[in-house]
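A look at the structure
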Amino acid sequence: MSEEHHIDYSQLLSQLLDEKGELNDTITSFLYHLFPEELFVRAMSLLDSNDMFIYVYDKLQTESKHIKSISTEPDEPEAREALSGTSNEMLKTSEAAESRPDAGANSKDIAHLLYEGREAPLNRLIVKPETPESPPICVDLDHWFCSCEEYNCQFRSNLLNVPEQPAGPVDLEESSLYSRAIVEHELKSQAPHSDRFAQVKSLHLQFQRYFRHELAMCPHLLAFAILLQTSSAILMYFTHTNATVYLITVQNLDEWLKLHLNVIQ
Ligand SMILES: [Zn+2]
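Heads up: these notes are all about the structure in this document. (Residues numbered from 1 in each chain as written. Predicted model: local features only at pLDDT ≥ 70, side-chain atom pairs only at ≥ 80, totals over all residues. Heavy atoms only, no water.)

So, the coordination of the zinc ion
The textbook angles at a metal center are 109.5 degrees for a tetrahedron of four donors and 90 or 180 degrees for an octahedron of six. Every protein donor of the zinc ion is listed here as Cys 146 (SG), Cys 148 (SG), Cys 218 (SG) and His 220 (ND1), and their distances to the metal cover 2.2 to 2.3 Å. Classification of the site at the zinc ion rests on its four donor atoms, whose angles at the metal span 105 to 112°, yielding the label tetrahedral. Mapping the donors of the zinc ion onto the primary sequence yields the spacing C-x1-C-x69-C-x1-H. Neither residue differs from the other here; Cys 146 and Cys 148 are each classed as buried. (Donors = N, O, S within 2.8 Å, 3.2 Å for Na, K, Ca; no water. Tetrahedral: all angles 85-135°; square planar, octahedral: opposite > 155°, others 65-115°. Buried < 20%, exposed > 50% of the residue type's maximum accessible area, 1.4 Å probe, protein only.)

Side note on the pairing of strand E3 (residues 137-140)
Only one face of E3 is buried: it carries Ile 137 and Val 139, and the other face, with Cys 138 and Asp 140, is open. Where strand E2 (residues 123-127) and E3 come together, three bridges link them in antiparallel fashion. In the strand pairing of E3, Leu 125 is matched with Val 139. One ladder, built from two bridges, connects E3 with strand E4 (residues 145-146); its direction is antiparallel. (Helix = DSSP H or I, 4+ residues; strand = E, 2+ residues; numbered from the N terminus. Pairing = 2+ DSSP bridges.)

Description of the sheet that holds strand E7 (residues 207-211)
Sheet architecture is open: three strands sit in the order E5-E7-E6, paired in antiparallel fashion. Edge positions in the open sheet fall to strand E5 (182-186) and strand E6 (199-200), since each of these has one partner strand only. By the bridge criterion, five bridges tie E5 to E7 in an arrangement that is antiparallel. The residue bridging Glu 184 from the neighbouring strand is Arg 209, located in E7.

Some remarks on helix H3 (residues 39-47)
Since there are 3.6 residues in each turn of an α-helix, residues three or four apart along the chain are aligned in direction. Every buried residue of H3 is listed here: Leu 39, Phe 40, Ala 43, Met 44, Leu 46 and Leu 47. Down the axis of H3, the smallest arc covering the buried residues is 155°, so these residues share one side. (Arc of directions from axis to C-beta.)

A short note on the side chain of His 220
In this fold, His 220 is placed in helix H11 (residues 219-228). Given a relative accessible area of 9%, His 220 falls into the buried group. Every residue in contact with His 220, bar those within four places of it in the chain, is listed here: Leu 46, Val 127, Ile 137, Val 139, Cys 146 and Cys 148. (Contact = heavy atoms within 4.5 Å.)

Concerning the sheet that holds E2
Spatial strand order, E4-E3-E2-E1-E8: five strands in an open sheet with mixed pairing. Unpaired on one side and paired on the other, E4 and strand E8 (245-250) mark the two borders of the sheet. For strand E1 (residues 52-57) and E8, the ladder comprises six bridges, and the chain directions are parallel. Within E8, the residue paired with Ile 54 across the bridge is Leu 247.

Quick notes on the nonpolar core
Ranked by size, the top nonpolar core spans 56 residues in total, and within it Trp 144, Phe 211 and Ile 226 carry the most contacts. Of all the elements, H11 adds the most residues to this core, at eight residues. Trp 144 has contacts with Tyr 151, Phe 197, Ala 198, Val 200, Phe 211, His 213, Ala 216, Met 217, Leu 221, Ala 225 and Gln 229, leaving out every residue within four places of it along the chain. Within the second largest apolar cluster, nine residues are counted, among which are Tyr 57, Ile 126, Ile 248 and Leu 259. (Core = buried A, V, L, I, M, F, W, Y, C linked by side-chain atoms within 4.5 Å.)

Some points on the packing of aromatic side chains
In total, this model carries twelve aromatic pairs according to the counting rule given. Ring plane angle 80° and centroid distance 5.7 Å describe the contact between Phe 145 and Tyr 151, whose orientation is recorded as edge-to-face. For Tyr 151, a relative accessible area of 2% translates into the label buried. Among the aromatic side chains, those forming a connected cluster through ring pairs are Tyr 9, Phe 35, Phe 40, Trp 144 and Phe 197. (Phe/Tyr/Trp six-rings, centres within 6.5 Å; stacked < 30°, edge-to-face > 60°.)

A short note on helix H8 (residues 149-160)
Among the residues of H8, Tyr 151, Gln 154, Phe 155 and Leu 159 are the ones counted as buried. The buried residues of H8 all sit within an arc of 105° when viewed along its axis, so they share a single face. Where H8 is buried, its residues meet E4, helix H10 (177-181), E7 and H11.

Considering the packing of H3 against H11
Two elements in contact, H3 and H11, have axes whose closest approach is 8 Å; the angle formed by their N-to-C orientations is 65°. Taken together, the axes of H3 and H11 lie roughly perpendicular to each other. Both H3 and H11 take part in a crossing whose hand is right-handed. Contacts between H3 and H11 involve Leu 39, Phe 40, Arg 42, Ala 43, Met 44, Leu 46 and Leu 47 from the former and Pro 219, His 220, Leu 222, Ala 223, Ile 226 and Leu 227 from the latter. (Axes fitted to C-alpha atoms, helices over the stretch in contact; angles between N-to-C directions. Parallel < 35°, antiparallel > 145°, perpendicular 65-115°, else oblique. Left-handed = near helix turned anticlockwise from the far one by under 90°.)

Some remarks on unusual backbone geometry
Its identity as a non-glycine residue notwithstanding, Glu 38 has a phi of 50°, on the positive side. Examined against the element boundaries, Glu 38 turns out to sit in the loop between helix H2 (25-34) and H3. Unusually for a residue other than glycine, Ala 243 sits at a positive phi of about 55°. With respect to the secondary-structure elements, Ala 243 resides in the loop between helix H12 (232-241) and E8.

Pasting the structure below:
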């Protein structure tokens, strides 16, 4: 589907912080009305909950010694706990990591890398499970996906179970899942959008692709989009100044794979 108009959500959400680096109340109440189902309020309370984790695999930085590991030294007991479970231990571990003197400089470097790096480092976005029995919630911003029930319900009813279009070659193409879910911004004759919000990975350089987030969005996606699709200042605010979101570097491939296994199981 081609676009008709474009609102720069990244730019709007970037204004969450005023010049002093504090939350801007006027913008906050405007954003409250911009998203349905109280999504914005729920995303903001998630950002304050200490339940959100951004794991970044940072091999190159390890090699160049620019950044010290927060949590992956093999002999650190709290690091093993972080990667061996998805319970409250994750939170305790991260608190320990964040209280170290080098944590501030580290998160600044990683925040910079996530926003300004030529290629963003591998990252995994996880929300602590609501109960010890339930699995952790995994978010994939690059594909605008969340593993939670709310997102999957919306995806099913707004994108999968829509009535078939009348038969015909043009309609057939129009009704494909891709065309229902994605808006393309063609770059051959137009300048690129600065908006990163709900932008999905595109292998074709002539297009920017955006997920139609009005069809499927949950508080987890919105909260991580606020962190990672706005500005590094916002990311730093929640991971360092406010310190309610954990930004954890993983520098050892084995630990990175272990993290994956533990999240999947
Ligand atoms: Zn979700």
